[in-house]
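If you want the building blocks of each chain, they are given just below.
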Amino acid sequence: MPRTIRLTPSLIRAAACLGIATLTLTACGSGSGSDSAGDGSGSVKVGLITKTDTNPFFVKMKEGAEKAAEDSGAQLITSAGKFDGDNAGQVTAIENMVAAGVKGILITPSDSKAIVPALEKARAKGVLVIALDSPTDPESAVDALFATDNLRAGEMIGAYAKASMKGRTAKIATLDLAPGVAVGVQRHNGFLKGFGIGEKDPAIVCSQDTGGDQAKGQTAMENCLQKAPGINVVYTINEPAALGAYTALKAKGREKDVLIVSVDGGCTGTQAVKDGKIAATSQQYPLKMAAEGVGAVVKYAKDGKKATGYTDTGVSLVTDKAQAGVASKDTVYGLDNCWG
């Protein structure tokens, strides 16, 4: 039975002293035919590197990769950064996985630019590299991208917010991620497109960065309410930021008359939609990203055909207050398909 190997700091140190073979021992059968892993085990080694191993999104992604590896008889080697933005940790993980003989690496890049040289080295050694969830910069630094269409995710909640306002004058706060981060930019731009406004539209009365953090989302909302007390629509980069905004609004007695829309589809966020704290969210599917990524690596090991380009892993608008002309699913569906 294949098993997952976690590249922990202690294992990495052991590898440096004793050789990376220490990390590649498996409980797999010997198999027959060609050795696709490169170490005589006959199983396909697949690497998964996430931004962190604590965020529920990445926990679910790992679960999806583990299930797909088990189903296909592959061996999964996993690692993660110590924190979101730990590029050095991801570079080390890439190097160790290449030395371990992986056929492919799935990665959610913490730094879309800084990770590129390490990925290029891996690809030069014949390793298939697939980005999950977040693109690299440039996107051509990997063989393929399996991810949510974040522009579309933002567009869906923008269209929903527009329909919900029913012609009323909108005063919008955007609680964003951070400057230059592709996922945040795409969701923000998608929201504006869906709402039918441009970046300089006077309907946008406040914009603040939150880093996707709940506490920072609350602070950002408090700042926006001081600047523009009449805010009636809030776009948030993700559900933690949305819940922070809700807390700030509730403290002002405004939680009932301000529309909050978001992106992610985690179980906590989807429950918040059911509870009426968030009006709607665009749900993405990390388990599917990872499962399809593992499948692509196994296929490459078998027939040498590399996955290429962008694969959309889907997104659904989840709300219990459907709007005419905007396709959506209810929270029963959302909670059945959430993560975290």
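Below you will find a few notes about this structure. Computed from a prediction, not measured in an experiment: that's the story for all the values here.

## Brief notes about the pattern of salt bridges
Per the stated rule, a full pass over the model turns up nine salt bridges. Across the salt bridge formed by Arg187 and Asp264, the nearest N and O atoms sit 3.4 Å from each other. Taken together, the residues span a long stretch of sequence, with Arg187 in helix 6 (residues 182-195) and Asp264 in strand 10 (residues 259-264) at a distance of 77 residues. A relative accessible area of 9% means that Asp264 is categorised as buried. Linked by salt bridges that have partners in common, Arg123, Asp143 and Lys306 make up one network.

## Some thoughts on the pairing of strand 3 (residues 75-80)
In terms of burial, strand 3 is a largely internal element, six of the six residues being buried. Of the two faces of strand 3, the one carrying Gln75, Ile77 and Ser79 and the one carrying Leu76, Thr78 and Ala80 are both buried.

## Points about unusual backbone geometry
The amide bond that connects Asp137 to the next residue, Pro138, takes the cis arrangement and shows omega of 10°. Relative to the elements of secondary structure, Pro138 occurs in the loop between strand 5 (128-132) and strand 6 (144-147). The phi angle at Asp133 is positive, at roughly 70°, despite the residue not being glycine. A relative accessible area of 7% places Asp133 in the buried class.

## Section: the packing of aromatic side chains
What the rule picks out here adds up to four aromatic pairs. In textbook terms, an aromatic cluster arises when at least three aromatic residues are bridged by ring pairs, as seen for Phe57, Phe58 and Trp339. A cation over a ring is seen here: Lys103 above Tyr300, with NZ or CZ 5.3 Å from the ring centre. We note Lys329 situated over the ring of Tyr333; from NZ or CZ to the ring centre the distance is 4.7 Å.

Criteria and thresholds
Residues numbered from 1 in each chain as written. Predicted model: local features only at pLDDT ≥ 70, side-chain atom pairs only at ≥ 80, totals over all residues. Heavy atoms only, no water. Salt bridge = Lys/Arg side-chain N within 4 Å of Asp/Glu carboxyl O. Helix = DSSP H or I, 4+ residues; strand = E, 2+ residues; numbered from the N terminus. Buried < 20%, exposed > 50% of the residue type's maximum accessible area, 1.4 Å probe, protein only. Phe/Tyr/Trp six-rings, centres within 6.5 Å; stacked < 30°, edge-to-face > 60°. Lys NZ or Arg CZ within 6 Å of the ring centre and 35° of its normal.

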